Amino acid sequence: MEVKIGVQYAPRELVLESKLSPKDLSETIEQAVTKGGVLRLEDKKGRQVFVPVEKIAYVEVAETNVRPVGFVGNA
């Protein structure tokens, strides 16, 4: 799953590929927002992202887009 996190006062959003299911990802985000503190997510490569909940502007969760490689020619 692709996760985009908008952070207040940051010019760019954080983007990562999570190995969690959409349901687990939503639950993790909701729990962090409800409890306060820090949202911690791990990407597919094992890197961790920590974002203070009070600085989160938005979170977008979407299916990972698989882009085709190469050119499509007219035959």
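Whatever comes next refers back to the structure up there.
Cut-offs used in this document
- Residues numbered from 1 in each chain as written.
- Predicted model: local features only at pLDDT ≥ 70, side-chain atom pairs only at ≥ 80, totals over all residues.
- Heavy atoms only, no water.
- Pairing = 2+ DSSP bridges.
- Helix = DSSP H or I, 4+ residues; strand = E, 2+ residues; numbered from the N terminus.
- Axes fitted to C-alpha atoms, helices over the stretch in contact; angles between N-to-C directions.
- Buried < 20%, exposed > 50% of the residue type's maximum accessible area, 1.4 Å probe, protein only.
- Lys, Arg positive; Asp, Glu negative; His and termini not counted.
- Salt bridge = Lys/Arg side-chain N within 4 Å of Asp/Glu carboxyl O.
- Contact = heavy atoms within 4.5 Å.
- Core = buried A, V, L, I, M, F, W, Y, C linked by side-chain atoms within 4.5 Å.

> Teacher, can you tell me more about the sheet that holds strand β2 (residues 14-17) here?
Sheet strands pair via backbone hydrogen bonds, and the direction of the pair is either parallel or antiparallel. A sheet is described by the order of its strands in space; here three strands give the open sequence β2-β1-β5, paired in antiparallel fashion. If you trace the sheet from one side to the other, it starts and ends with β2 and β5 (56-62), each paired once. Across this sheet, the average inter-strand angle for adjacent strands is 15 degrees, counted without regard to direction. In this sheet, β5 lies alongside strand β1 (residues 2-7) in antiparallel orientation, the contact comprising six bridges. For Gly6, the partnering residue across the bridge sits in β5 and is Tyr58.

> I keep staring at the side chain of Glu2 and nothing clicks. Help me out?
In this fold, Glu2 is placed in strand β1. Buried Glu2, no salt bridge; nearest opposite-charge side chain is Lys4, N-O distance 4.1 Å. Non-local contacts of Glu2, meaning those with residues more than four positions away in its chain, are made with Val15, Leu16, Glu17, Glu60, Val61, Ala62 and Thr64.

> Mind showing me how you'd approach the nonpolar core here?
Nonpolar side chains in soluble globular proteins tend to end up buried together. Counting 12 residues, the largest nonpolar core consists of Met1, Val3, Ile5, Leu16, Leu25, Ile29, Ala32, Leu39, Leu41, Val51, Val53 and Ile56. In terms of residue count, the dominant contributor to this core is helix α1 (residues 22-35) (three residues). Sequence-distant contacts of Leu16, defined by excluding residues within four places in its chain, comprise Met1, Glu2, Val3, Leu41, Glu42, Asp43 and Val49.

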